[in-house]
Structure formats: C-alpha cells, structure tokens
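Notes for the structure review
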Amino acid sequence: MTHADVATVLGSAESKVGRIENAQSGIRLPDLRAWMDATNVTDPAERAEIEELSREAKKKGWWSRYTNAVDSAYAAYVAVEWDAAELYNVETNLIPGLLQTPDYTRALIELQAPDATKGHVETQINVRRERRKVLTRDCPLQLWVIIAESVLHHRVGSPEVMKAQLEALVEDSRGSNVQLQVLPQDDPMNACLFGPFVIMSFPTSAETDIIYAESPTSTLYYEEPADVDTYTTLFRRLNMAAANVSNSRALILDAIKEMK
C-alpha cells in the first residue's frame, strides 16, 4: 500500500504515515487496528503479536529506561505526550505534572502511596523531570493549563515545599510556550469541573486529537469526534471563565502571600 492508501485508511495526512514509517512517531492502537482490518489481518494471535510489537516499539524513547519501574499505562501516556505538539490540561486538585517541582512530586507520592520505597519515589521524580524536557526541546510543546483556584490552597508537603511550588508556577507561567490560567473559586464554572483531563493535539491537523482522563483505578483515552468535541467545548468554556494570564499570576502571588 502507498502512503496515500494508508492515509485514506487511517483518515489522516500522508505526513503522519511518513512519520510512523520513519519511526518519528508511534502508531496509536485505533490506527493500527484500522490498518490490520484494511489488510485482512484477521487471525487473533497474529493481531495480538502485532499489537505487542507496536507497544514494544513505543518503548524506544527516553522512557524506555523506566519500563520496569513505572506503570505501563503511565509509560504509554508519556510516549503520547512526547508526540504531541499542543496540550490542554485542566486540573481540579493538583499542580499539573509537567509543572511540578521535585519536592512537590515527592510529597505528593508519599501522600498517595505511603508504602512506596525511596527508590520508587526517586524514579517517579526522575520521570517527571524528564517529562518537563518536552517544554524546552527544539520544537517545544505548547501548553495551555487551567487550574481551579483551590489547587493553590491544597497544601502538599510542608509550607516551604508548597511556597516553592507556587513560586515555580509563577516562573513557568512566564514561558513563551506556557499559558496558565486560574479559575476563581467563586466562578459558577467550577460546577463543571468533574475531574482533571488532558487534550493532546499533534503536528498535522489531520491527526486525531486524544482526550486523556484518569481516576484512582483507571485511565481512559477518547478519540471519537463526539467525545473530543465535548471536552474541547468544555475547555473553551473554562478558558473564557478563567482569569486571564496576568490576573491568574496575581492569584498565585496572593496565595503565596497568604502562606507567610
């Protein structure tokens, strides 16, 4: 099949097919299954083997060093995050992972997993540190973040750790590829915050956006147009309701002052 043929099957641009073929990007599971359907790969064992090969191929990035140390679902998320060109993140309770300081991450893990070993905690911190490189690579990720104002007052770790985290948040908000907004706690749109979610967009407009949402026991990906539209519409409403970048920075600075 030619690039054009495969692009037609996947409903994508030919450039996406070229990036997959040249190992510049992984192939997502729905696309892989569509390709197997189109090429009459029907044997369940063969399909399972191809899917396993695809998963293994995604481990070639920097995250492959942590394959045996982090949850496979988390590793898969990191791989997709690295492929993204734009990321829209809504957080309802915590500082977004890409903007966490090491000490905040350490305190968070110790709270969420009190039985975690020191080695496990340090590995998670290292992974977060590596993830942040997506913001400073040659073609940096464009990051839009909306956080509920209550996040600024949910103390994680000591007052010193939280203060340093908020100060780091202020500095990150000044980055040319980071737009950070705070949704004031008295805004009615807080009623629409059902939980954190991420929208990831990719380099070519023909590539399907991915929605990522999580709970304490599972992670979910949505790629169906109707689901993507629902989350995208919600993000736009929150974007309009949230304080602008300057006023959001002022809210963070106010939270820092309240800690003194």
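Scroll up to find the structure.
What counts, and where the lines are drawn
Residues numbered from 1 in each chain as written. Predicted model: local features only at pLDDT ≥ 70, side-chain atom pairs only at ≥ 80, totals over all residues. Heavy atoms only, no water. Helix = DSSP H or I, 4+ residues; strand = E, 2+ residues; numbered from the N terminus. Buried < 20%, exposed > 50% of the residue type's maximum accessible area, 1.4 Å probe, protein only. Polar contact = N/O pair within 3.5 Å; in protein donor to acceptor, adjacent residues only side chain to side chain. Contact = heavy atoms within 4.5 Å. Pairing = 2+ DSSP bridges. Axes fitted to C-alpha atoms, helices over the stretch in contact; angles between N-to-C directions. Parallel < 35°, antiparallel > 145°, perpendicular 65-115°, else oblique. Left-handed = near helix turned anticlockwise from the far one by under 90°. Core = buried A, V, L, I, M, F, W, Y, C linked by side-chain atoms within 4.5 Å. Phe/Tyr/Trp six-rings, centres within 6.5 Å; stacked < 30°, edge-to-face > 60°.

With that settled, the discussion passes to the side chain of Thr-105. For Thr-105, the location among the structural elements is in helix H6 (residues 102-112). Given the relative accessible area of 1%, Thr-105 is considered buried. A distance of 2.8 Å separates a polar atom in the side chain of Thr-105 from a polar atom in the side chain of Gln-100. If we ignore the near neighbours within four places in the chain, the residues touching Thr-105 are Gln-100, Ile-125 and Arg-128.

Looking now at the pairing of strand E2 (residues 142-148). For E2, a buried count of five out of seven residues is recorded, marking the element as mostly surrounded by other parts of the structure. Bridge count for strand E1 (residues 86-91) against E2 is six bridges, and the pairing is parallel. In the sheet register, Val-90 faces E2, and the bridge partner there is Ile-146.

This part covers the pairing of E1. A regular strand places its side chains on the two faces of the sheet in alternate fashion. Burial within E1 is extensive, with five of its six residues counted as buried. In the sheet, E1 pairs with strand E4 (residues 197-201) via five bridges, with the strands oriented antiparallel. By the bridge assignment for E4, Leu-87 is matched with Met-200.

Here we take up the sheet that holds strand E5 (residues 210-214). An order of E3-E2-E1-E4-E5-E6 is seen for the six strands of this open sheet, with the pairing classed as mixed. What marks the edges here is a single partner per strand, and that holds for strand E3 (178-183) and strand E6 (219-222). Each adjacent strand pair in this sheet contributes to an overall mean axis angle of 15°, direction not counted. Across four bridges, the pairing between E5 and E6 is antiparallel. In the strand pairing of E6, Tyr-212 is matched with Tyr-221. Each of E1, E2, E3, E4, E5 and E6 touches helix H9 (residues 225-241); the most contacted strand, E4, lies at about 110° to it.

A few words now on the packing of H6 against helix H7 (residues 118-131). Put simply, H6 and H7 touch, their axes get as near as 9 Å, and they point 140° apart. Comparing the axis directions of H6 and H7 gives the class oblique. Read as a crossing pair, H6 and H7 show a hand that is right-handed. Residue-level contacts link Pro-102, Thr-105, Arg-106 and Ile-109 of H6 to His-120, Val-121, Glu-122, Gln-124, Ile-125, Arg-128 and Arg-129 of H7.

So, about the nonpolar core. Ranked by size, the top nonpolar core spans 54 residues in total, and within it Leu-169, Met-200 and Ile-252 carry the most contacts. Residue contributions to this core peak at six residues, all from H9. Excluding residues within four positions of it along the chain, Met-200 makes contact with Tyr-77, Val-80, Glu-81, Ala-84, Glu-86, Leu-87, Asp-209, Ile-210 and Tyr-212. Judged by nonpolar contacts, the second largest core, of five residues, contains Val-70, Tyr-74, Ala-75 and Val-78.

Moving on to the packing of aromatic side chains. A full pass over the atoms with the stated rule returns six aromatic pairs. Both rings, one in Tyr-77 and one in Tyr-212, keep their centres 4.4 Å apart while their planes meet at 45°; by these two values the pair is tilted. Of this pair, Tyr-77 sits in helix H5 (residues 72-83) while Tyr-212 sits in strand E5; the two residues are 135 residues apart in sequence, bridging distant segments of the chain. Take Tyr-77: its relative accessible area is 7%, and that puts it in the buried class. Taking the centre distance of 5.3 Å and the plane angle of 75° together, the rings of Tyr-88 and Phe-235 count as edge-to-face. Taken as a pair, Tyr-88 in strand E1 and Phe-235 in helix H9 lie far apart in primary sequence, 147 residues in all. Each member of the pair Tyr-88 and Phe-235 is classed as buried.

Remember that the coordinates give geometry; whether it matters functionally is a separate question.
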